[in-house]
Every structure is written in structure tokens, then in C-alpha cells.
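# Understanding the architecture of this molecule
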Amino acid sequence: MSEEAMILDGSAKSKEIQDEISAEVEELKEEEGVVPKLSIIFVGDNPASASYIKLQQRICNKVGIESEVVDLPEEISQEDLLDELDKLNNDDEVNGILIQMPLPDHIDDDKVIRAINPDKDIDAFHPYNIGELVIDGDAYVPCTPEGVMELFDRYDIELRGKDVTVVGHSNIVGKPMALLLLNENATVSVCHIDTEDTASYTKESDIVIVAAGVPNLITADMVKEGAIVIDVGINEVDGEIVGDVDFEKVKEKAGAITPVPGGAGPMTIAMLLKDTLKSYKEMLNK
Ligand SMILES: Nc1nc(=O)c2c([nH]1)NC[C@@H]1CN(c3ccc(C(=O)N[C@@H](CCC(=O)O)C(=O)O)cc3)C=[N+]21
């Protein structure tokens, strides 16, 4: 029998990054007298969003980044939401803007996304930032795939020439993930809901990255011996948080694997902080 997979510890790496950011914020605060600020737009009262926002605010607080939640009622009109967004777009004290998803059904997500000031769009929802990613430019990258790349970097995992399969093709995870990997010269396949035989791709891959939102989607028979498996799924099953990978079985076969919780999630939050700090530094230089 093969050895168990190495656990890629997103929580530990996230703490490492938080310490680095905290030190830099402390230094900048002394020089500038102000700290970076993140504004979170929260429409409605989805409990999952509320708890995620609390987590973000706790970690912002820990590293010395100011955070505010702009709490808006579920029934807010599109126009009023755009007005609130515009206030943040034009507020010199606001460095990062995060629009908590999902938005209510009567709001046109696309209109809202296109209205974010791209310079403050730390989630990289705006087409400007996505376009820069396509040409490997210097702009914001969606936090979750950015966090996965940071995890590869901090574990010295080489991507050049590797066969990688991304399962899931959302605008905020799967697609930008594939572009980031391609920019590092990995050979990338993207599987999704209409892929006929996802296993035929994952079985041949050195690295499998899953962001589908389906518990136990990836089973041990679907991964190559020694492969690296990154689980981006966050699902609630019987009151517990689980990913998209059958973790217990897959870890017997994989070479390295991220746990849920404690894997991609904490890396996402670390990138949120990193990008808010980046915006702050860029706004100082303008
Ligand atoms: N505009 C926008 N940007 C987002 O980035 C965004 C969003 N909307 N809407 C909701 C999802 C969800 N999401 C999570 C990120 C990290 C954890 C995380 O760190 N979770 C911990 C577990 C926390 C627990 O146990 O409750 C972990 O994985 O270890 C969770 C959820 C970001 N999202």
C-alpha cells in the first residue's frame, strides 16, 4: 500500500501570510497614519453570507485592516444599490470593495459587476480585471484561484508542463483558475456539468482542482496514484462543512491533498487581505 497523502495546510499558510500582511500594515500605518480599508456590500440576510462576512471581519481586524459592512435590505432597488456602490467607488478611504454574492434575484448581477471601480475590485469580478488575466497582465485575480496559486507557490509545487484538470467552470473559480494555470504553462483541461466523462480527464492528471459544489464528486478511482488534489468545494452536509472530494479515500491514493475546512478557504481570505493592501499601496502612489 502507498503512503498517505501530504496534507496541504491552507490554514497554516494563511496564518503565515496574515503575519506578513500584519507586519506590513503596521509599518505603513506608522508612515501614513491610515490603514487599508475593506468595504463589504451585503444585501439581504443570507445566514451563510453573514457568517462568512463575520469571518472576514475577524481576520481583517487581526491584521489591522479596517473593515465595514454596508448592510442593505433584500428589497433594495437596482438603482439604489448602484448608488451605494458609487459612494464606495468614489470614497478615497475605501481601498477594497467586495460585493457579497449571491445577490437577490431582482438584481442584475452583471450590471452591478460592471459598475465596480476596477481599481477597488479585489474579487476581480469586473471584465477589466478578467481581461487582464487573459493576457497575464497585472491586475486583480479572483481570490479563490489566487489562493490556490499561492498555495502551490508556498509548497514549491511546479506547474510548468503538468497535466492539470479543473472541475467546474464558474466565472469566479474554474475559468480564472484555468487561465492562471495556463499562464504558468500547465496543460489545462476544464470539465463541467456537461462533460461526458470527467473521470477520463482526472485519471490522467498530475493535479486535479475541484470547484463544483457537489459533495463526494471526486472519488479515489478518479485520481491517479500520487496526484495532487485541491478541493475548493464548500458544502454543508448534516451541519458539517465538507468539500467536493471523498477526502478519506482519496488521501490514501493522492500524493498531496487539501482538507476542507482548512485548505482553499483560508487561502481565499488571505488573498482578500493581500489584495486590499495592494489597492491601498496603489492608491497612495496616485
Ligand atoms: N463576493 C464574494 N466573494 C467571495 O469570495 C465569496 C462570496 N462573495 N460569497 C460566498 C463565498 C464563500 N467564500 C468562502 C471563503 C472562505 C471560507 C473559509 O475560509 N472557510 C473555512 C471554514 C469556516 C467554517 O468552518 O465555517 C475553511 O474552509 O477552513 C468559506 C467561504 C467566499 N465567497
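Whatever comes next refers back to the structure up there.
Heads up: these notes are all about the structure in this document. (Residues numbered from 1 in each chain as written. Predicted model: local features only at pLDDT ≥ 70, side-chain atom pairs only at ≥ 80, totals over all residues. Heavy atoms only, no water.)

### With respect to the packing of aromatic side chains
What describes a pair of aromatic rings is the distance from one ring centre to the other and the angle between the planes of the rings. The tally for this structure, following the rule as stated, stands at 0 aromatic pairs. Here the basic side chain of K13 rests over the ring of Y155, its NZ or CZ set 4.6 Å away from the ring centre. The lysine or arginine in question, K278, covers the ring of Y140, its NZ or CZ lying 5.6 Å from the ring centre. (Phe/Tyr/Trp six-rings, centres within 6.5 Å; stacked < 30°, edge-to-face > 60°. Lys NZ or Arg CZ within 6 Å of the ring centre and 35° of its normal.)

### Some points on the nonpolar core
Core analysis: the biggest nonpolar cluster contains 50 residues, and F152, L181 and I209 have the highest contact counts within it. Both of domain 1 (33–119) and domain 2 (142–264) provide at least three residues apiece to this core. For F152, the contacting residues outside a window of four places in its chain are I157, L159, L181, I207, I209, I228 and I230. Ranked by size, the runner-up nonpolar core spans 17 residues in total, among them L81, V94, V112 and I116. (Core = buried A, V, L, I, M, F, W, Y, C linked by side-chain atoms within 4.5 Å. Buried < 20%, exposed > 50% of the residue type's maximum accessible area, 1.4 Å probe, protein only. Domains from an automatic or database assignment. Contact = heavy atoms within 4.5 Å.)

### What about the sheet that holds strand β2 (residues 37–43)?
Read across the sheet, 3 strands follow the order β3-β2-β4 without closing on themselves; strand pairing throughout is parallel. On the outer flanks of this sheet lie β3 (66–72) and β4 (96–99), each paired with one strand and no other. Direction aside, the axes of adjacent strands within the sheet are offset by 20 degrees on average. As judged from the 4 bridges shared by β2 and β4, these two strands associate in the parallel manner. The residue of β4 that forms the bridge with I40 is L98. (Pairing = 2+ DSSP bridges. Helix = DSSP H or I, 4+ residues; strand = E, 2+ residues; numbered from the N terminus. Axes fitted to C-alpha atoms, helices over the stretch in contact; angles between N-to-C directions.)

### Points about the packing of helix α2 (residues 47–63) against helix α10 (residues 264–284)
The interhelical angle for the contact between α2 and α10, taken along N-to-C directions, is 55 degrees, at an axis separation of 10 Å. What the angle tells us is that α2 and α10 run oblique. Between α2 and α10 the crossing geometry is right-handed. Contacts between α2 and α10 pair Y52, L55, Q56, I59, C60 and V63 from the former with T268, I269, L272 and L273 from the latter. (Parallel < 35°, antiparallel > 145°, perpendicular 65-115°, else oblique. Left-handed = near helix turned anticlockwise from the far one by under 90°.)

### With respect to the site of the ligand
Taken together, 14 residues form the shell around the ligand, and within it Y52, I99, Q100, D123 and G262 come nearest. A distance of 3.3 Å is found between an oxygen atom of the ligand and a side-chain nitrogen or oxygen belonging to Y52. In the model, an oxygen atom of the ligand is placed 3.4 Å from a nitrogen or oxygen of the P266 main chain. A total of 680 Å² of accessible area belongs to the ligand in isolation, and the protein chains cover 72% of it. Of all the secondary-structure elements, those providing two or more residues to the shell around the ligand are α2, β4 and α10. Among the elements that take part in the shell around the ligand, α10 stands out by supplying 3 residues, more than any other. Partitioned by chemical class, the residues of the shell around the ligand number 10 nonpolar, 3 polar and 1 charged. Mapping the shell around the ligand onto the domain boundaries places at least three of its residues in each of domain 1 (33–119) and domain 2 (142–264). (Near = heavy atom within 4 Å. Polar contact = N/O pair within 3.5 Å; in protein donor to acceptor, adjacent residues only side chain to side chain. Areas by Shrake-Rupley, 256 points an atom, 1.4 Å probe, with all protein chains shown as cover. Nonpolar A, V, L, I, M, F, W, Y, C, P; charged D, E, K, R; others polar.)

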